[in-house]
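# Observations on the three-dimensional arrangement
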Amino acid sequence: MSDYQDARGIEITTGASCIYGAPVGRSIALVEGVIDGFTASGRVWVKVVRRTYGGGWSNGKDRVHVGPDRLVIVDALPACDLPTDAETREERRSAQIKRYRERIADLEAGGEPQGWEATRPDVLETYRRWLADTERGA
């Protein structure tokens, strides 16, 4: 039995599905998540499944702590065709890797540097470094 209760007085247990409102500027994003534990200070760790807007934020956290009175336990997260934040981030990462590889191949085949590329004598090395960093997840 947990000592934690949500905004409605429902017991909070690890693995339970929840929703809460996260501040985004002067607005609020609805966040779907799963309870992932508790902090020593009485907050609740939530593993983020999906946010209502800005999905896949580049600096978004996969796991956040929330005050127990700021979330609501739900029986199950509703079915949704939208991608999770992790899926959105991976899709963006894969697209970036593809663009880097295509640009490297074009330049190696004798393609003309475009825009800022013409100002860098080490443009291929720059793209290769960016590609390696992106593949590594840096």
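Our subject is the structure that appears above.
Let me sum up the structure you'll find in this document. Each chain has its residues counted from 1, following the order in which its sequence is written. Only residues with pLDDT of at least 70 get local features here, since the model is predicted, and only at 80 or more are side-chain atom pairs given and counted; chain-wide, interface and lining totals rely on the full set of residues. As a rule here, side-chain values cover all heavy atoms of the structure and leave hydrogens and water aside.

Let us now look at the sheet that holds strand S2 (residues 27-38). Here, a strand pair is defined by DSSP locating no fewer than two bridges between the strands. A helix here means a DSSP run of H or I that spans at least four residues, while a strand means a run of E at least two residues long, and both kinds are numbered starting from the N terminus. Read from one edge of the open sheet, five strands run S4-S3-S2-S1-S5, paired in antiparallel fashion. Of all strands in the sheet, those bounded by a partner on one side alone are strand S4 (63-66) and strand S5 (71-74). Neighbouring strand axes in the sheet, compared pairwise and without regard to direction, differ in orientation by 45 degrees on average. Pairing geometry for strand S1 (residues 17-24) and S5, over four bridges, is antiparallel. Bridge pairing in S5 places Tyr-20 opposite Leu-71. Here an angle of 0 to 180 degrees is reported between the N-to-C directions of two axes, which are lines fitted to C-alpha atoms, with helices fitted over the stretch in contact.

For the rest of this paragraph, the subject is the side chain of Glu-117. Its place among the elements puts Glu-117 in the loop between helix H1 (85-108) and helix H2 (123-136). The rule is simple: take the accessible area with a 1.4 Å probe, protein chains only, and divide by the maximum for that residue type; under 20% is buried, over 50% is exposed, in between is partly exposed. Residue classification places Glu-117 among the buried residues on the basis of a relative accessible area of 3%. Engagement of the side chain of Glu-117 in a polar contact is seen with the backbone nitrogen of Gln-114, the distance being 2.7 Å. Within polar-contact distance, the side chain of Glu-117 engages the side chain of Tyr-127 at 2.5 Å. Here a polar contact is taken to be a pair of N or O atoms separated by no more than 3.5 Å, where protein atoms must pair a possible hydrogen donor with a possible acceptor and residues adjacent in sequence count only if both atoms sit in side chains.

Any carboxyl oxygen of Asp or Glu that lies within 4 Å of a side-chain nitrogen of Lys or Arg is treated as forming a salt bridge with it. Applying the stated criterion across every chain, the model contains twelve salt bridges. Between Arg-8 and Asp-6 there is a salt bridge; the shortest N-O distance is 3.8 Å. Here Arg-8 falls in the exposed class, since its relative accessible area comes to 53%. Classification of Asp-6 by relative accessible area gives buried; the value is 5%. Between Glu-117 and Arg-103 there is a salt bridge whose closest N-O contact spans 2.7 Å. One end of the pair, Glu-117, is in the loop between H1 and H2; the other, Arg-103, is in helix H1, with 14 residues separating them in the sequence. This pair shows no difference in class: Glu-117 is buried, exactly as Arg-103 is.

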